[in-house]
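Spelled out from the first residue to the last, the chains are:
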Amino acid sequence: DQAWQIAAGLYMGGASPLVMIQCTGLFESGDAIRNAVHDWKLPLFAIIGYRSYLNQDTLPGDTCLVFTEPTLDAWKIDYRLITAPNQFPQIAEHFKTSRDRCAAGAIVIAEGKA
C-alpha cells in the first residue's frame, strides 16, 4: 500500500510516478488505491506483475489467477493485459491514453515460463 501513497505524494509534488508491484502486493493495497485513485482522484499508473499467469498448466492452484483481474475491475482500474512481447507497444499507448484522460490505469504483465 505504501507504493500508492508514495506515488500520490510524488504526483502532488509535480512528478509523474509509476507504481511497479506484483499482483500479491496489489491485493494488500486496496485501501491505498481507494484513497489515492478514488477519493483524491489522482491519475496514478501502475505496472503489475501477474504471478503464475504463464504457468497455469503447472500451477493450477495459484489463486492469483482467480483474483488479479477481478480486483482491478472492482477498483475500477482501466488495465491492459500483456501476455506476449508483441503487445509491448500497448504499454506506452495505454499510459498515454490514461494520462490524456487524467485517469488511473495499469498494465498487467503476465509472469511465468518464458
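Refer to the preceding data block for the structure.
On to the nonpolar core. Ranked by internal contacts, the top residues of the largest apolar core, which has 23 residues, are Trp4, Leu44, Ile48, Leu72 and Ile77. Mapped onto this core, the elements with two or more residues apiece are helix H1 (2–12), strand E1 (18–22), helix H2 (23–28), helix H3 (30–39), strand E2 (45–50), helix H4 (64–74) and strand E4 (105–110). Beyond its immediate stretch of four places on either side in the chain, Trp4 contacts Val19, Ile21, Leu26, Ser29, Ala32, Ile33, Ala36, Leu44 and Ala46.

Note on aromatic pairs: each is described by the distance of the centres and the angle between the planes. Scanning the entire structure with this criterion turns up 2 aromatic pairs. On the basis of an interplanar angle of 85° and a centroid distance of 5.1 Å, the ring pair of Phe45 and Phe95 is categorised as edge-to-face. Here the residue Phe45 occupies a position in strand E2, and Phe95 occupies one in helix H5 (residues 89–101), the gap between them amounting to 50 residues. With relative accessibility at 2%, the residue Phe45 sits in the buried group. Overall, Phe95 belongs to the partly exposed group, its relative accessible area being 30%. Ring geometry for Tyr50 against Tyr53: centres 4.8 Å apart, planes inclined by 50°, an arrangement best described as tilted. By relative accessible area, which is 1% here, Tyr50 ends up buried.

Enumeration over the complete set of coordinates arrives at 6 salt bridges. Between Asp62 and Arg51 there is a salt bridge; the shortest N-O distance is 3.0 Å. Here Asp62, found in the loop between E2 and H4, pairs with Arg51, found in the loop between E2 and H4; they are 11 residues apart in sequence, far enough to count as distant. Taking the shortest distance from any N to any O, the salt bridge between Asp78 and Arg80 comes out at 2.8 Å. Taking relative accessible area as the criterion, Asp78 reaches 24% and is therefore assigned partly exposed. A relative accessible area of 31% places Arg80 in the partly exposed class. Each of Asp31, Arg34 and Asp39 takes part in salt bridges that share partners, so that together they form one network.

Quick notes on the rules
Residues numbered from 1 in each chain as written. Predicted model: local features only at pLDDT ≥ 70, side-chain atom pairs only at ≥ 80, totals over all residues. Heavy atoms only, no water. Core = buried A, V, L, I, M, F, W, Y, C linked by side-chain atoms within 4.5 Å. Buried < 20%, exposed > 50% of the residue type's maximum accessible area, 1.4 Å probe, protein only. Helix = DSSP H or I, 4+ residues; strand = E, 2+ residues; numbered from the N terminus. Contact = heavy atoms within 4.5 Å. Phe/Tyr/Trp six-rings, centres within 6.5 Å; stacked < 30°, edge-to-face > 60°. Salt bridge = Lys/Arg side-chain N within 4 Å of Asp/Glu carboxyl O.

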